[in-house]
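Architecture at a glance
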Amino acid sequence: MILLIILLSVYILAVNFYAFRLLKVQRDAYETGKIKSGEGDGKLLLAAALGGATAVYITMFVLRYRLESCVLMLALPLLAVINIYCFYLGFRGIFLFW
């Protein structure tokens, strides 16, 4: 059971770190002019759906980047709530077997 807790925790940390780095790299590429505004939204939404919605949403405010995107500002909080609930169910399910 401890292995399952460790695996779930590492997954959550890895996905959130990847989502944070993805947004930071995207912002740096936008500032240098390599990409246009709005490119890479699919990658951000995919990373958010896999469990990194909280990291993307918080990073957007910290870096002050893409705050004008209506799709991201509406989808990310919804995905964050769903992610947190799924992680709660995952941890609760682990402890039910224990």
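It should be noted that the structure appears before, not after, this text.
Here goes a summary of the coordinates provided. (Residues numbered from 1 in each chain as written. Predicted model: local features only at pLDDT ≥ 70, side-chain atom pairs only at ≥ 80, totals over all residues. Heavy atoms only, no water.)

1. Notes on the overall build of the protein
Rules: Counting from the N terminus, the helices are the DSSP runs of H or I reaching at least four residues and the strands are the DSSP runs of E reaching at least two. Only protein chains enter the accessibility calculation, which uses a 1.4 Å probe; a residue whose area is less than 20% of its type maximum is buried, one above 50% is exposed, and one in between is partly exposed. The contact criterion used throughout is that any non-hydrogen atoms of two residues lie within 4.5 Å. Accessible areas in this description were obtained via Shrake-Rupley with a 1.4 Å probe; residue shielding takes into account the shown protein chains only.
Tallying secondary structure elements over the protein gives three helices and zero strands in all. Tracing the protein from N to C terminus, the helices and strands come up as α-α-α. Dimensions of the protein along its principal axes, counting C-alpha atoms only, are 50 × 25 × 20 Å. Residues classed as buried in the protein amount to 32% of the 98 residues present. Across the protein, contacts joining residues at least 24 apart in sequence account for 70% of those joining residues at least 6 apart. Accessible surface computed for the protein: about 6,400 Å², of which carbon and sulfur atoms make up 73%.

2. Quick word on the packing of aromatic side chains
Put simply, the test is: Only the six-membered ring of Trp is used, alongside the rings of Phe and Tyr, when aromatic pairs are assigned; centres must lie within 6.5 Å, and planes under 30 degrees apart are stacked while those over 60 apart are edge-to-face, with the rest tilted.
Here the structure, examined in full by the defined rule, presents three aromatic pairs. Their ring planes at 50° and their centres at 5.8 Å tell us that Tyr30 and Tyr65 sit as a pair that is tilted. Here the residue Tyr30 occupies a position in helix H1 (residues 2–32), and Tyr65 occupies one in the loop between helix H2 (41–63) and helix H3 (70–97), the gap between them amounting to 35 residues. With relative accessibility at 37%, the residue Tyr30 sits in the partly exposed group. With a relative accessible area of 6%, Tyr65 lands in the buried category.

3. Remarks on H2
Short version of the rule: Expected span of a helix: the number of residues minus one, times 1.5 Å.
The first and last C-alpha atoms of H2 sit only 16 Å apart over 23 residues, clearly below the 33 Å expected at 1.5 Å per residue. Those residues of H2 not exposed but buried are Asp41, Leu44, Ala47, Ala48, Gly51, Gly52, Ala53, Ala55, Val56, Thr59, Met60 and Leu63. At the C-terminal side of H2, Arg64 shows a positive phi close to 55°.

In short, the description is geometric, and any link to function would need to be established separately.
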